[in-house]
Amino acid sequence: MSLEELIESATELIVRSRHMIALTGAGVSAESGIPTFRGPNGLWRKFKPEELATPEAFRRNPRLVWEWYAWRIGLVLKATPNPAHYALAELEKLGILKCLITQNVDDLHERAGSRSVVHFHGEILFARCTSCGFRLKWSEPPSEIPPRCPKCGSLLRPDVVWFGEPIPEEALRRALHEASRADVILVVGTSGVVQPAGSIPYIVKEHGGTVIEVNVEESAITPVADVFLRGKAGEVLPKLVTAVKRKLGKRGKE
Ligand code: APR
Ligand code: ZN
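Residues numbered from 1 in each chain as written. Chains lettered and ligands numbered in written order. Predicted model: local features only at pLDDT ≥ 70, side-chain atom pairs only at ≥ 80, totals over all residues. Heavy atoms only, no water.

Undergrad: A description of the overall build of the protein chain should follow, citing residues and the corresponding values.
TA: Each helix and strand counted, the protein chain has eleven helices and nine strands in total. Computed over the C-alpha atoms, the radius of gyration of the protein chain is 19 Å, within 12% of the 18 Å expected from 2.2 N^0.38 for a compact globule of 254 residues. Taken over 254 residues, the protein chain has a buried fraction of 55%. Residue pairs in contact within the protein chain that sit at least 24 positions apart in sequence constitute 66% of those at least 6 positions apart. Here the protein chain displays about 11900 Å² of accessible surface, and carbon together with sulfur accounts for 53% of that area. Positive and negative side-chain charges in the protein chain, numbering 34 and 30 respectively, have mean positions lying 3 Å apart. (Helix = DSSP H or I, 4+ residues; strand = E, 2+ residues; numbered from the N terminus. Rg over C-alpha atoms; globule rule 2.2 N^0.38 Å. Buried < 20%, exposed > 50% of the residue type's maximum accessible area, 1.4 Å probe, protein only. Contact = heavy atoms within 4.5 Å. Areas by Shrake-Rupley, 256 points an atom, 1.4 Å probe, with all protein chains shown as cover. Lys, Arg positive; Asp, Glu negative; His and termini not counted. Charge placed at Lys NZ, Arg CZ, Asp CG, Glu CD.)

Undergrad: Please set out the coordination of the zinc ion (ligand 2) residue by residue, giving values where relevant.
TA: Coordination of the zinc ion (ligand 2) by the protein is provided by Cys129 (SG), Cys132 (SG), Cys149 (SG) and Cys152 (SG), with metal-donor distances spanning 2.2 to 2.3 Å. Coordination at the zinc ion (ligand 2) is tetrahedral, judged from the four donor atoms that bind it and the angles of 101 to 123 degrees they form at the metal. Given a relative accessible area of 7%, Cys129 falls into the buried group. On the basis of relative accessible area, Cys149 is assigned to the buried category, the value being 4%. (Donors = N, O, S within 2.8 Å, 3.2 Å for Na, K, Ca; no water. Tetrahedral: all angles 85-135°; square planar, octahedral: opposite > 155°, others 65-115°.)

Undergrad: Go over the site of ligand 1, please, and point to the residues and values.
TA: By nearness alone, 22 residues border ligand 1, and Phe37, Arg38, Thr190, Ser191 and Asn215 come closest of all. One of the side-chain N or O atoms of Glu31 is found 2.9 Å from a nitrogen atom in ligand 1. One of the side-chain N or O atoms of His121 is found 2.9 Å from an oxygen atom in ligand 1. Contact with the protein chains removes 92% of the 740 Å² of surface that ligand 1 exposes when unbound. Broken down by class, the residue content of the shell around ligand 1 amounts to eight nonpolar, ten polar and four charged. (Near = heavy atom within 4 Å. Polar contact = N/O pair within 3.5 Å; in protein donor to acceptor, adjacent residues only side chain to side chain. Nonpolar A, V, L, I, M, F, W, Y, C, P; charged D, E, K, R; others polar.)

Undergrad: Outline helix H6 (residues 62-78), supporting the account with residue identities and numerical values.
TA: Taking 1.5 Å of rise per residue, 17 residues should cover 24 Å, and H6 covers 24 Å from first to last C-alpha, within 8% of that figure. Every buried residue of H6 is listed here: Pro62, Val65, Trp66, Trp68, Tyr69, Ala70, Arg72, Ile73, Gly74 and Val76. At its buried positions, H6 is contacted by helix H3 (43-46), helix H4 (49-52), helix H5 (55-60), helix H8 (108-111), strand E4 (122-129) and strand E6 (156-160). (Expected span 1.5 Å × (residues − 1).)

Undergrad: Go over the packing of aromatic side chains with me, naming the residues and quoting the values.
TA: Considering all chains together, one arrives at nine aromatic pairs under this definition. Three or more aromatic residues joined by ring pairs form one cluster here, namely Phe37, Trp44, Phe47, Phe58, Trp68, Tyr69, Trp71, Trp162 and Phe163. Across the ring face of Phe126, the terminal group of Arg135 is positioned such that the distance to the ring centre comes to 4.1 Å. Just above the ring of Trp162 sits the side chain of Arg157; from NZ or CZ to the centre is 3.9 Å. (Phe/Tyr/Trp six-rings, centres within 6.5 Å; stacked < 30°, edge-to-face > 60°. Lys NZ or Arg CZ within 6 Å of the ring centre and 35° of its normal.)

Undergrad: Could you give an account of the pairing of E4, naming the residues involved and the relevant values?
TA: Counting buried positions along E4 yields six of eight residues, so the element is predominantly enclosed. Strand direction decides the pairing type here: E4 and E6, joined by four bridges, are antiparallel. By the bridge assignment, Arg128 is partnered in E6 with Arg157. Direction of pairing for E4 relative to strand E5 (residues 135-137): antiparallel, over a ladder of three bridges. From the neighbouring strand, Arg128 faces E5, where its bridge partner is Arg135. The loop that links E4 with its antiparallel partner E5 comprises five residues. (Pairing = 2+ DSSP bridges.)

Undergrad: I'd like to hear about the sheet that holds strand E7 (residues 184-188), residue by residue, with values.
TA: In a beta sheet, neighbouring strands pair by backbone hydrogen bonds and run either parallel or antiparallel. Strand order in the open sheet formed by six strands is E3-E2-E1-E7-E8-E9, and the pairing between neighbours is parallel. With one partner strand each, in any of the chains shown, strand E3 (117-119) and strand E9 (227-230) form the two edges of the open sheet. The mean angle between the axes of side-by-side strands here comes to 15 degrees, regardless of whether they run parallel or antiparallel. As paired elements, strand E8 (residues 210-215) and E9 share four bridges and run parallel to each other. Looking at E9, one finds that Asn215 is bridged to Arg230. (Axes fitted to C-alpha atoms, helices over the stretch in contact; angles between N-to-C directions.)

Undergrad: Account for the environment of Pro55, with residues named and values stated.
TA: Take Pro55: it is sitting in helix H5. With 56 residues separating them along the chain, Pro55 and Arg111 place their C-alpha atoms 29 Å apart.

Undergrad: Pulling in residues and values, what's your account of the nonpolar core?
TA: In this structure, Trp66, Tyr69, Ile124, Trp138, Leu156 and Trp162 are the most contacted members of the largest nonpolar core, which totals 30 residues. Those elements that place two or more of their residues in this core are H3, H5, H6, E4 and E6. Considering each element in turn, this core owes the most residues, seven residues, to H6. When neighbours within four sequence positions are excluded, Ile124 is seen to be in contact with Tyr69, Arg72, Ile73, Val76, Val105, Trp138 and Val160. The next biggest cluster of nonpolar side chains, apart from the first, holds 29 residues, and it includes Leu91, Leu97, Leu229 and Leu237. (Core = buried A, V, L, I, M, F, W, Y, C linked by side-chain atoms within 4.5 Å.)

In structure tokens:
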């Protein structure tokens, strides 16, 4: 089937959905200039996750970890949402997308207008104290490296989930609740290899739901995808929203 025909069948599923959710990964922010982790120019090609994104790495060398996060915070603050983020926000405004679960730690979904966002892996623009409950939001990258808590002087850490750490309880609860009641999940720009996020589409499938995937290449989710839309999120999602609005318009007239 051609991409247009696949978009048509995805549109049918979306318009008929009762409770549609989305799961996004780094691929949805790639066209905003934020590097993905895996694949040709992925961050894990240049850096080692065990040296930068684990509690042990932070204990061993907080300066190195914070130099890397300060660089990424700078990228996020400079980045702007791309058409994929706006398309997902539009689906929420149309009352179709009920919840957006993201593995991304950037704030581009919110800046594009999405309101119901679950940050499964935390948020890079926030930092929290390793000792007291202090938490702050960066408006520019930290100048002092590693940054310290202004209240108690202990080290601050990025408010993100590192490998080996648990998913924040509220985020996990909400995501599992949404996955158990969704009849359609739109999976965009994730390799699907990191758990437990990668299981979310499988939970929807087990509950009899339908999986629509948008990716430039196949992923660990593709085996359960009912419709696989091969292409860039920033190009495919706007086409999908246009087709959904057209079909809604027609339905409105029926
Ligand atoms: N449009 C759609 N998909 C894209 C695009 C694009 N423009 N560019 C890349 N992709 C796809 C890639 O083909 C890949 O499948 O996005 C996916 C990115 O995969 P990863 O880099 O593994 O990112 P993600 O799946 O979000 O990683 C999950 O791993 O390192 C941890 O915590 C980190 O949240 C991250 C988690
Ligand atoms: Zn403190």
